[in-house]
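# Structural description and commentary
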Amino acid sequence: MSKNISRMQVDNFDDLFTGNPVDIEKNLSLLLPEAEKRSDKSVYLQIFSQIALAQAMQQKFELAHRTLDKAEQLVEPQYQLAKIRLLLERGRVYHQSDNLVEALSFFMQSYELAKSKTEFDFHTVNAAHMIAIVENNVNDKIKWNLLAIRLAEKTQDERCHTWLGPINNNLAQNYLEAERYAAALKLFEKCKNYAEARGDQLVIRGAAWGIGRCMRGLCEYNNALEVQKDLLEQYEKIIREGSLAIELIYISRGLVHEELAEIYLEKKLFELSKKHARLAYNDLLKDPWMNKLYPERIQRMYELGQSV
């Protein structure tokens, strides 16, 4: 980015939050001197909130908190939007560092402040969906995601509509966890439609996996099998083309193999179940997210691959 920063670049700082978090931090930091010149410090403080998030994404948690501390010292009552975003990103820093209790507290504070004015609806939806992510009880997760969806659908702020795809996906995952498979199926189908309208192949495949998972939960084993076999063929083609990062292949293909192992087990095709369980284990073991959040599923694939 050029060091000759324009007013338009400063006002549209959120557009820079894309790509590598190292580059995001660097590019946003270049905007600070120009933003600091303004008598209204709202944008200046909001930029700090996004720098802190980029730092947290690099696992520089202490630095991210210091960045937020610096901005907090400059917050005045008229900078309500900046305060909302600083609270929200403080919550995200805690979330990234696995302190979910503190994260929830700051997301709640951001939500309560944001909901006071309709002009803040985009951030109200953002805070509500983050509350749903860190809540411990699945019924509370469902409640907050439904609240976020209702607000995103009724608000006049069209930016909120971009939340509908990911929040519907999160809610579908909540319904899966609650074993409400019919409700989850409808939402995964809605997510797939959203993604198809945007041509987002990654989300399309994720929603298709969810549809297949719901079908297994509803005992529609043949339909579930067809969905997952089709996805596996897609991933084999993607591997041949080299069109997706290998880290994403491991988790995505691993989840498909996991489903195939479970489906074949239900169909009493034990050798096929064992084969896919081993493949699932090999893929999922390589993914830090699965190891952190779902070690029991990895262990099940290991045991299924050995004992069927």
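Okay, so let's go over this structure. The model shown is predicted, which means the values in this text are computed figures rather than measured ones.

Per the secondary structure count, the protein includes 16 helices and 0 strands. Over its C-alpha trace the protein gives a radius of gyration of 22 Å, about what one expects of a compact globule, namely 19 Å for 308 residues. Reported as C-alpha extents along the three principal axes, the dimensions of the protein are approximately 70 × 35 × 35 Å. The buried share of the protein, reckoned over its 308 residues, is 47%. Within the protein, contacts between residues separated by at least 24 positions form 57% of all contacts whose residues are at least 6 apart in sequence. A total of about 16000 Å² of accessible surface is found on the protein, and carbon and sulfur atoms cover 50% of it. Taking the 41 positively charged and 44 negatively charged side chains of the protein as two groups, their mean positions are separated by 1 Å.

Look at helix H9 (residues 164-177): 20 Å from first C-alpha to last across 14 residues, which is about the 20 Å you get at 1.5 Å a residue. Among the residues making up H9, those that are buried are Leu164, Gly165, Ile167, Asn168, Leu171, Ala172, Asn174, Tyr175 and Leu176. On its buried face, H9 sits against helix H7 (121-134), helix H8 (138-154), helix H10 (181-198) and helix H11 (201-217). Within two residues after H9, Glu179 carries a phi angle of roughly 60 degrees, on the positive side.

If you look at the biggest cluster of nonpolar residues, it comprises 63 residues, and the most contacted ones within it are Phe107, Val125, Leu176, Phe188, Leu231, Val256 and Leu284. Residue contacts for Phe107: discarding those within four places in its chain leaves Leu88, Gly91, Arg92, His95, Ala127, Met130, Ile131 and Val134.

Moving on, we get to the pattern of salt bridges. For the structure shown, the criterion picks out 17 salt bridges. A single salt-bridge network, built from bridges that share partners, covers Arg213, Arg216 and Glu259.

A few words on the packing of H7 against H8. Pairs of packed helices are described in terms of their axes, by the angle between the two and the distance that separates them. Axis separation between H7 and H8 bottoms out at 8 Å; the angle between their running directions is 165 degrees. Classified by the angle between their axes, H7 and H8 sit roughly antiparallel to one another. Where H7 crosses over H8, the two elements pack in a sense that is left-handed. Between H7 and H8, the contacting residues are Asp121, Thr124, Val125, Ala128, His129, Ile131, Ala132, Ile133 and Val134 on the first element and Lys141, Trp144, Asn145, Leu147, Ala148, Leu151 and Ala152 on the second. Here the contact of H7 with H8 is built from residues that sort into 11 nonpolar, 3 polar and 2 charged.

Relative to the assigned elements, Lys141 resides in helix H8. Buried charge without a partner: Lys141 forms no salt bridge, and the closest opposite charge is Glu177, 5.6 Å away. A polar atom in the side chain of Lys141 sits 2.8 Å from the backbone oxygen of Glu135. In this structure Lys141 touches Ala132, Ile133, Val134, Glu135, Asn136, Asn174 and Glu177, once residues within four positions along its chain are discounted.

At Cys219, a position not held by glycine, the phi torsion is positive, near 65 degrees. As for its position among the elements, Cys219 is in the loop between H11 and helix H12 (221-241). Owing to a relative accessible area of 51%, Cys219 belongs among the exposed residues under this scheme.

Right, let's get into the environment of Ala128. Examined against the element boundaries, Ala128 turns out to sit in helix H7. Along the primary structure Ala128 and Leu225 are separated by 97 residues, whereas in three dimensions their C-alpha atoms are 35 Å apart. In this structure, Ala128 is in contact with Tyr111, Trp144, Leu147 and Ala148, ignoring residues within four places of it in sequence.

Let us look at the packing of aromatic side chains. Inspection of every chain in the model, using the stated rule, returns 6 aromatic pairs. The interplanar angle of 80 degrees and the centroid separation of 4.9 Å between the aromatic rings of Tyr44 and Phe48 together place this pair among those described as edge-to-face. Residue Tyr44 and its partner Phe48 are located together in helix H3 (residues 42-57), separated by 4 residues, close to a single helical turn. This pair shows no difference in class: Tyr44 is buried, exactly as Phe48 is. Judged by centre distance (5.5 Å) and plane angle (70 degrees), the ring pair of Trp289 and Tyr294 falls under edge-to-face. The ring of Phe122 carries the charged tip of Arg159 above its face, separated from the ring centre by 4.5 Å. Stacked on the ring of Tyr294, the Lys or Arg Arg297 has its end atom at 4.9 Å from the ring centre.

Below, the discussion takes up the packing of helix H6 (residues 100-114) against H7. In contact at an axis separation of 9 Å, H6 and H7 are set at 155 degrees when each is read in the N-to-C sense. If you check the angle between H6 and H7, you find them roughly antiparallel. The handedness of the crossing between H6 and H7 comes out as left-handed. Across the interface between the two elements, Leu100, Ala103, Leu104, Phe107, Met108, Ser110, Tyr111 and Ala114 from H6 touch His123, Thr124, Ala127, Ala128, Met130, Ile131 and Val134 from H7. For the contact of H6 with H7, the per-class residue count stands at 12 nonpolar, 3 polar and no charged.

Analysis parameters
Residues numbered from 1 in each chain as written. Predicted model: local features only at pLDDT ≥ 70, side-chain atom pairs only at ≥ 80, totals over all residues. Heavy atoms only, no water. Helix = DSSP H or I, 4+ residues; strand = E, 2+ residues; numbered from the N terminus. Rg over C-alpha atoms; globule rule 2.2 N^0.38 Å. Buried < 20%, exposed > 50% of the residue type's maximum accessible area, 1.4 Å probe, protein only. Contact = heavy atoms within 4.5 Å. Areas by Shrake-Rupley, 256 points an atom, 1.4 Å probe, with all protein chains shown as cover. Lys, Arg positive; Asp, Glu negative; His and termini not counted. Charge placed at Lys NZ, Arg CZ, Asp CG, Glu CD. Expected span 1.5 Å × (residues − 1). Core = buried A, V, L, I, M, F, W, Y, C linked by side-chain atoms within 4.5 Å. Salt bridge = Lys/Arg side-chain N within 4 Å of Asp/Glu carboxyl O. Axes fitted to C-alpha atoms, helices over the stretch in contact; angles between N-to-C directions. Parallel < 35°, antiparallel > 145°, perpendicular 65-115°, else oblique. Left-handed = near helix turned anticlockwise from the far one by under 90°. Nonpolar A, V, L, I, M, F, W, Y, C, P; charged D, E, K, R; others polar. Polar contact = N/O pair within 3.5 Å; in protein donor to acceptor, adjacent residues only side chain to side chain. Phe/Tyr/Trp six-rings, centres within 6.5 Å; stacked < 30°, edge-to-face > 60°. Lys NZ or Arg CZ within 6 Å of the ring centre and 35° of its normal.

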